[in-house]
Amino acid sequence: MSGEGTTSRARLDRGRGALGPALELVHTGRAPTRAVLTAELGVTRATAGAVAAELEALGLIRVDARPGAAAGSQGRPSHRLALAEDGPVVLAAQVHADGFRAALVGLGGQIVVTAPGCEAVDADPAKVLGSVVEAGADLLRETGRRCVGAGLAVPSAVAEPEGLALNPLHLAWPAGAPVRRIFAECVRAAGIAGPAFAGNDVNLAALAEHRHGAGRGARDLLCVATGHRGVGGALVLDGRLHTGSSGLALEVGHLTVNPEGRPCYCGSRGCLDVEADPLAFLTAAGREPGPEVSLLQQANDLIRRHSDDPSVRRAAETLIDRLGLGLAGLVNILNPDRIILGGLHRTLLDADPDRLRAVVADRSLWGQSGGVPILACTLDHNSLVGAAELAWQPVLDDPLAALS
């Protein structure tokens, strides 16, 4: 082979190797222009241009070769990079104690369309997952979009590598249900292309927030959230979701924050799971949960609409103190550079941010040394977006192989 041919092949190989990293940079909003892409990849401008052109040919991004120059700027503006609005999508599904939801999600964490949520969850996971996949298949038929994979979020620790839901307590599913296998079978039966994945809902919320929301830019990110029932946690370490040796890391719901508190499903007493979720708040406020809407919505509405009610205020303070105690313990162990809160915990933070931050600072060594930023999650349906991230990952790893 001639020297020129060898150089061309080497440039081609470098460009193909950069396709995944380049797509991830655009996917997470870190490369809005070709100039930024060139710098982030550490390649020549010609290689970056070839990579962008290949991603555009794959229907994943759009390259604007003639962007308007900003007022007062000098020189030729760099090509702008954007995700393709009509590109492929993935099917994202979420199951929780009060129902399930399906959506089609594009690159960039953009929810394209969602199916109306169901408010009843059968005790048979196969029936539930079959229904949610059928709803997703209907969306694909209606939109005509190409699907490249599917992801599922469940309110349970998901053991690896089997994909077993170990503790779906609030779903009445059997412990150890093989949710990934069932979900994958439903996806194949519906004729949906691409691989299927499943993960814990709070882990996936943290992944989504780290890539597209309040966790962007954090290196070591702690996420704690309570949805419809229970409390979950997740950790991003050095920019990557940390799930432990078998997918079961950071079961923060079973930190004891009230030694004389309620019995927990794990066999202990006074865990975050039963002391700082929507049911615990409604109980502390002296309210009887109603059947008409979810526990999470009832608790959120009570805080937002009746904050001047002394019983509501006391209940909020009680849960903030319990949550702060749990967060302080986690800060002492993990030393994160950012904490994000979701679900009811986000609402409690909004209601009294100073109290929560004070509890964490008073109870944690690292908090006293300067404080850890505590922020609210910013994405709507972040567990759904996180489920989509699972399905997008093979494309981000190797776009050519995934889309061929």
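Above: the structure in question.
Residues numbered from 1 in each chain as written. Predicted model: local features only at pLDDT ≥ 70, side-chain atom pairs only at ≥ 80, totals over all residues. Heavy atoms only, no water.

All right, on to the overall build of the protein then. The secondary structure content of the protein amounts to 16 helices and 14 strands. A compact globule built from 404 residues should have a C-alpha radius of gyration of about 22 Å, and the protein, at 23 Å, falls within 12% of that. With respect to the principal axes defined by its C-alpha atoms, the protein has extents near 80 × 50 × 40 Å. Looking at the protein as a whole, 49% of its 404 residues qualify as buried. In the protein, 64% of the contacts between residues at least 6 apart in sequence involve partners at least 24 apart. (Helix = DSSP H or I, 4+ residues; strand = E, 2+ residues; numbered from the N terminus. Rg over C-alpha atoms; globule rule 2.2 N^0.38 Å. Buried < 20%, exposed > 50% of the residue type's maximum accessible area, 1.4 Å probe, protein only. Contact = heavy atoms within 4.5 Å.)

Moving on to the sheet that holds strand E4 (residues 99-105). Taken together, the five strands give an open sheet; going across it, the order is E5-E4-E3-E6-E9, and neighbouring strands pair in mixed fashion. The strands lining the two open edges of the sheet, one partner per strand, are strand E5 (111-114) and strand E9 (196-200). Neighbour-to-neighbour, the strand axes of the sheet open up by a mean angle of 25°, direction not taken into account. Pairing of strand E6 (residues 147-154) with E9 involves five bridges; the strand directions are parallel. Looking at the pairing, Val154 lines up with Asn200 of E9. Strand contacts of helix H7 (residues 201-212): strand E3 (89-96), E6 and E9, with the helix running at about 100° to E9, the strand carrying the most contacts. (Pairing = 2+ DSSP bridges. Axes fitted to C-alpha atoms, helices over the stretch in contact; angles between N-to-C directions.)

For the rest of this paragraph, the subject is the nonpolar core. Core analysis: the largest hydrophobic core is formed by 36 residues, its most contacted members being Val224, Phe281, Leu327, Leu341 and Leu356. Of the residues forming this core, the biggest block, nine residues, is contributed by helix H11 (residues 310-334). Excluding its chain neighbours within four sequence positions, the residues that come into contact with Val224 are Val231, Gly232, Gly233, Val252, Leu323, Leu327, Leu330, Ile340, Leu341, Gly342 and His345. Listed in part, the 34 residues of the second largest apolar core include Ala102, Val128, Leu140 and Cys147. (Core = buried A, V, L, I, M, F, W, Y, C linked by side-chain atoms within 4.5 Å.)

The terminal C-alpha atoms of helix H5 (residues 125-143), which comprises 19 residues, lie 27 Å apart, in line with the 27 Å expected from a rise of 1.5 Å per residue. Among the residues of H5, those classed as buried are Pro125, Val128, Leu129, Val132, Val133, Ala135, Gly136, Ala137, Leu139 and Leu140. Against E3, E4, E5, E6 and helix H6 (179-189) lie the buried residues of H5. Between the side-chain oxygen at the start of H5 and the backbone nitrogen of Ala126 there is a gap of 3.0 Å, and the oxygen is on Asp124. Of the residues one or two after H5, Gly144 is the one with positive phi, at around 70°. (Expected span 1.5 Å × (residues − 1). Polar contact = N/O pair within 3.5 Å; in protein donor to acceptor, adjacent residues only side chain to side chain.)

Assignment of secondary structure puts His96 in strand E3. For His96, the residues in contact, after removing those within four places along its chain, are Val121, Pro155, Leu171 and His228.

Strand order in this open sheet of five strands is E12-E11-E10-E13-E14, and the pairing throughout is mixed. With partners counted over all chains shown, the strands left at the sheet margins are strand E12 (240-242) and strand E14 (374-376), one partner each. The average angle at which neighbouring strand axes cross in this sheet is 30°, direction not considered. With three bridges connecting them, strand E11 (residues 232-237) and E12 associate as antiparallel partners.

Purely geometric numbers; function is a separate question.
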